[in-house]
Structures are given as C-alpha cells and as structure tokens.
Amino acid sequence: LVVNSKQANTAENTLLFVTSFSAGGFPEMYSKEGVVCATAGFAVGVGVTYALCRKFPMNSNRNISESIIEVIAETPSDILGSIPRSTASSGVSKGGGPAIYESQRAVQEYLCFHFLTGMDLVPYSCAPREALDFTKRCAQLCKKHACKNPQLALDLGCAVGGQSFELTRHFQEVIGIDFSHAFVDAANMMRDKKKTTIFVQEEGELMVEKTVGLPSGINAGRARFIQGDACNLPKSHFGPFDCILAANLLCRLPDPRALLNRLPTLVNTGGIVVFVSPYSWLEEYTPKELWLGGKENEGKPVMSNSTLKHIMSGLNFSLVEEADMPFLIREHARKFQWGCSHATVWRFKGKR
C-alpha cells in the first residue's frame, strides 16, 4: 500500500504503511528505529489501515483491538471513501484486481449474495427472480450429473461458502478452496456459527443491518474450507473427486489453462467438472494472452465457449449439458449486477 508524503506526515514520526495479504486477526503495530509500522489484512480496509497508522505510544501494551475500535470511529469519511469498490462494479478502476476480494465490503456483499434470497435480497416485484438462489442452482446442477452415491466434491473459488454448503446436501464431504483469506475466514465462520450479522449499503453512506444464516437441511460438518490457489493445487494427497465445481471463477484466474490441464489428475473416471462463468475477462485478473476468449486471433474473434470445449475434449472430457445460469449481486438498495453465466458440465472418460 503506497501513500503520499502528505498522508505519511500526519504523525510526528515518519509512517511506513505495510498491508499484508493475511486477513485474519487484528493488525500488529511495532516500532523499529523510530519508524512506526502497521500490518493489517485487506479485510480491515484501506481507509482503516491508514487510520491505524497514526502515532501510538512507543512500546505500548495497549490492547490493539480497542485501538481499532477507536480509530474506526475517528476515521473521517474522506478516508473511508478509499475502501475498495463494490464487487458488483464493472470494468477496470482503482481498487480492483484480486485484492478487492480481501476487502470487508466484498465479504459483506458475498455473504449477502450467498445467503440472502427472495425479498430479503431484492425487495422489488419487477426483479428477475430466476437469478436468485445461484448457489443452490449450481449445487443442483452438480447433483443432477453426479455418479451414484457421490462422496467427495471440490468447490473451487468457493468465496464465502454458499455453494459448498449446498453441496453438502448431496456429497459426503466437500472441500472449498478460495484464494481470498477473507472469504475463507467468512466461510469457516458460517460453518461454525451458522449465522452472522452483516451491514450492507442502502444508499450513499447509509448502511442497514441484516442477518444471514445457513439454509435448513445443510450439513455444515461435511464442509471444510482452505485458502489456496486454483492454478497451483496440491500435487499429492488431494482428491480424486467425484465432482469439481468452479462457479464464476475461470475469468478471475491468472492462468485458466493451468487449472484445466490439471483436471485429469483431480477427478475420478466418470466424475464431473462443472464450470459456470460469465467470461468477464479483465487484464487486472488475467493477462490478455491467457484469456480463453473475448479477443481476436489473426483477425478472427475467439469465443471462450469454443476454446473451453476444445481444451476439455482434448483432455478426454465429454460435454453432457450446457445451460444459462443467471445471478444477481446487490451493490446497494437500488443497484444490482445481473449476470448470465454459461454453465457447462463435463464427464471425465478416464486417462488415455
């Protein structure tokens, strides 16, 4: 996290701003050679990280959690305005890229996306109701094509766990993996506590409190969540799986082909891989040369769907179903992102 000198000189000491990728716990503060340092997870928020980096007594034994509560209350709105943008915002802008999924705003929005439904999520009769219950519909598609008595499922890009929990209705064990520490922490919290209170944007700076909880019939004990990289999954003691789900993940990977090429070693013969993707390619997530589609090659348009089919058939997977999978993400009370992902289900015919 880089700050300008005007911000850095708000305290008597020169301030060094350091933001780590670990979202767990409270920030740690330390002093070395007169330099005050603060380490905070992205989930705390950029604005709050700045507020924490003001002068504290050197070698203070003060409870850091108390300090956080104090500075959050003191943080001016113009600083809080630097908190990462909504995950429902489109295009490239300041605050984007993978780090957005470590922000507290992203966690709150995805808890809303995964666990609110019906009028609790979108209180308008004109809303596209078929876009609700996205996580449930993804799990149902997996169940529809899974083998008899499926045991082990992998949810790649599990976010805050909604799909993983829905998969526990149909599979004996579900492993959810996400690159975001903040998302994995939230998923584990939902597994352990079953519900939580969130604050979502109503309008401008106004927030409203909502309670989200696991749906009935979920066997949360069957799910476990791990922080990890879908492009660099463990090489041993991992799988094989009866079902692999990757929902709204492909176009957020730095190298989608790295995951695709690994699939034959991860799924059982007769097992399935389910991709759900809007193919929203952005260079802040994936270098353009690694996009599966959405670009031209020698003057001809390349479509992600065609590339995916070519790669998967070459890996000895057969396509068993295609479907549209709409979704709805709330940004604030009167703004939602409606998307229509492309769902494909692939059955592995075995290693050649």
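One can find the structure itself at the top, above this paragraph.
Residues numbered from 1 in each chain as written. Predicted model: local features only at pLDDT ≥ 70, side-chain atom pairs only at ≥ 80, totals over all residues. Heavy atoms only, no water.

### Remarks on the pattern of salt bridges
Part 1 of the argument: By the definition in use, this model includes eight salt bridges.
Part 2 of the argument: Between lysine 335 and glutamate 331 there is a salt bridge, with the nearest N and O atoms lying 3.3 Å from each other.
Part 3 of the argument: Overall, lysine 335 belongs to the partly exposed group, its relative accessible area being 39%.
Part 4 of the argument: Classification of glutamate 331 as buried rests on a relative accessible area of 11%. (Salt bridge = Lys/Arg side-chain N within 4 Å of Asp/Glu carboxyl O. Buried < 20%, exposed > 50% of the residue type's maximum accessible area, 1.4 Å probe, protein only.)

### Structural notes on the pairing of strand S4 (residues 152-156)
Part 1 of the argument: The buried count for S4 comes to five of five residues, which makes it a mostly enclosed element.
Part 2 of the argument: Burial of S4 is two-sided: the residues Leu152, Leu154 and Leu156 facing one way and the residues Ala153 and Asp155 facing the other way are all buried.
Part 3 of the argument: Inspection of the sheet shows S4 paired to strand S5 (residues 173-178) by five bridges, in the parallel sense. Note that in S5 the partner of leucine 156 across the bridge is isoleucine 177.
Part 4 of the argument: The pairing of S4 with strand S9 (residues 241-247) spans four bridges and is parallel. The partner of alanine 153 across the bridge, within S9, is cysteine 243. (Helix = DSSP H or I, 4+ residues; strand = E, 2+ residues; numbered from the N terminus. Pairing = 2+ DSSP bridges.)

### Overview of the sheet that holds strand S10 (residues 267-277)
Part 1 of the argument: Read across the open sheet, the seven strands follow the order S8-S5-S4-S9-S10-S14-S13; overall the sheet is mixed. The sheet is open, and its two borders are formed by strand S8 (223-227) and strand S13 (317-332), each paired with just one other strand. Each adjacent strand pair in this sheet contributes to an overall mean axis angle of 20 degrees, direction not counted.
Part 2 of the argument: Summarising the sheet, S5 and S8 pair through five bridges and their orientation is parallel. Across the sheet, the residue bridging to valine 174 is alanine 223, located in S8.
Part 3 of the argument: Sitting on the sheet, helix H8 (residues 181-193) is in contact with S5 and S8, with an inclination near 160 degrees to S8. (Axes fitted to C-alpha atoms, helices over the stretch in contact; angles between N-to-C directions. Contact = heavy atoms within 4.5 Å.)

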